[in-house]
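Here's the letter readout for the chains.
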Amino acid sequence: MVRMLKYAWFIFIMKVTGFLPDFTPVMRLRGFLLRPCFQRCGRNFQICSHAMIVYTANVEIGDDVYIAYGCWIQGLGGVKFEDQVMLGPYTILASSNHSKTDGSYRFGHAQPAPIVMRRGSWTGAHVVVTAGVTVGAGAACAAGAVVTRSVPEHVVVGGVPAKILSAPATTTT
């Protein structure tokens, strides 16, 4: 029952504020009003219009998190955003996969697994992150990437499926 009320509040706030422009004060207001929807929500949460989060009660949000226009986040398996995470437009986070029953995916059971976005990580536009993935601190996922495996810290990944495009420079003394 509580989960349904949290989701209903999310939908209500997004509908009521959806006509407002996505300026910083509006996105902060929207984020503030949505705080009760989540398992945890830090300060300065900003969310653009047309974003959708389902299973909000399974989502944890740190400080200074930004969710761009049109993002879709499925919290069934759990989603955790550490501080300073930024999602680009139309990013999809799907925290469960489908399974087959009698040769069909239609009635197969969900296979949930958590998604973790570590501190300072970022997704470009149209990135898909699948169940069970951790995106390391300071890592970036290039636009259009499909991230099916965990991403190390401070690297850039891209492609389908995502692969490391650049790694941090190493220093020798």
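To keep things clear, this report deals only with the structure shown in the data block. (Residues numbered from 1 in each chain as written. Predicted model: local features only at pLDDT ≥ 70, side-chain atom pairs only at ≥ 80, totals over all residues. Heavy atoms only, no water.)

1. Regarding the sheet that holds strand β9 (residues 92-94)
Applicable threshold: The pairing criterion is simple: DSSP has to find at least two bridges between the two strands. Every helix listed is a DSSP run of H or I at least four residues long, and every strand listed is a run of E at least two residues long, numbered separately from the N terminus.
Within the open sheet, the five strands sit side by side as β3-β6-β9-β14-β17. Their pairing is parallel. The open sheet has two edge strands, β3 (52-54) and β17 (146-147), and neither has a second partner. In terms of strand pairing, strand β6 (residues 72-74) meets β9 through three bridges, oriented parallel. Its bridge partner lying in β9, W72 is registered against I92.

2. Comments concerning the environment of E60
Stated formally: By the convention used here, residues are in contact when the closest approach between their heavy atoms is within 4.5 Å.
Looking at the element boundaries, E60 is found in strand β4 (residues 59-61). Each C-alpha atom, one on E60 and one on Q39, is 5.3 Å from the other, the two residues being 21 residues apart in sequence. In this structure, E60 is in contact with Q39, R40, V79, K80 and F81, ignoring residues within four places of it in sequence.

3. So, the state of the cysteines
Quick note on the threshold: Disulfides are defined as cysteine sulfur pairs within 2.5 Å. With a 1.4 Å probe rolled over the protein chains alone, any residue whose accessible area is under 20% of its type maximum counts as buried; one over 50% counts as exposed, and the rest are partly exposed.
Per the stated rule, a full pass over the model turns up zero disulfides. Considering cysteine sulfurs only, C37 is the nearest to C41, which forms no disulfide, with 8.9 Å between them. Looking at C41, the relative accessible area reads 11%, which means it is buried. For the unlinked cysteine C71, the closest cysteine sulfur is that of C48, found at 7.8 Å. Overall, the relative accessible area of 1% leaves C71 in the buried class.

4. Considering unusual backbone geometry
Most of the time, phi is negative for any residue but glycine, and the peptide bond is trans. Cis geometry marks the peptide bond from V160 to P161, where omega comes out at -10°. If you trace the backbone, P161 turns up in the loop between β18 (156-158) and β19 (163-166). Even without a glycine there, the phi angle at H126 is positive, about 60°. Mapped onto the elements of the fold, H126 is located in the loop between β13 (122-123) and β14 (128-129).

5. Quick word on the packing of aromatic side chains
Selection criterion: Ring pairs shown here join Phe, Tyr and Trp side chains whose ring centres sit within 6.5 Å, with only the six-membered ring taken for Trp; geometry is labelled stacked below 30 degrees between planes, edge-to-face above 60, and tilted in between.
Tallying each qualifying case throughout the model produces three aromatic pairs. Here the aromatic rings of F38 and F45 are separated by 5.7 Å at their centres, their planes lie at 90°, and the arrangement is edge-to-face. For F38, a relative accessible area of 4% translates into the label buried. Centroid distance Y69 to Y90: 5.8 Å. Interplanar angle 75°. Geometry classified as edge-to-face. Of this pair, Y69 sits in the loop between β5 (66-67) and β6 while Y90 sits in the loop between β8 (86-87) and β9, and the two are 21 residues apart along the sequence.

6. Digging into helix α1 (residues 2-17)
Here is the rule we go by: A helix is expected to reach a length of 1.5 Å times the quantity of its residues less one. In this description, the arc belongs to the directions extending from the helix axis to the C-beta atoms.
With 16 residues, α1 extends 23 Å between its outermost C-alpha atoms, agreeing within 8% with the 22 Å of an ideal straight helix rising 1.5 Å per residue. Along α1, the positions that sit buried rather than exposed are F10, I13, M14 and T17. Each buried residue of α1 lies within a common arc of 95° when the element is viewed along its axis, so the set occupies one face. Opposite its buried face, α1 presents the exposed residues M4, L5 and K15, each directed more than 90 degrees away. In this structure, the buried side of α1 is in contact with α2 (24-34), β2 (46-47) and β3.

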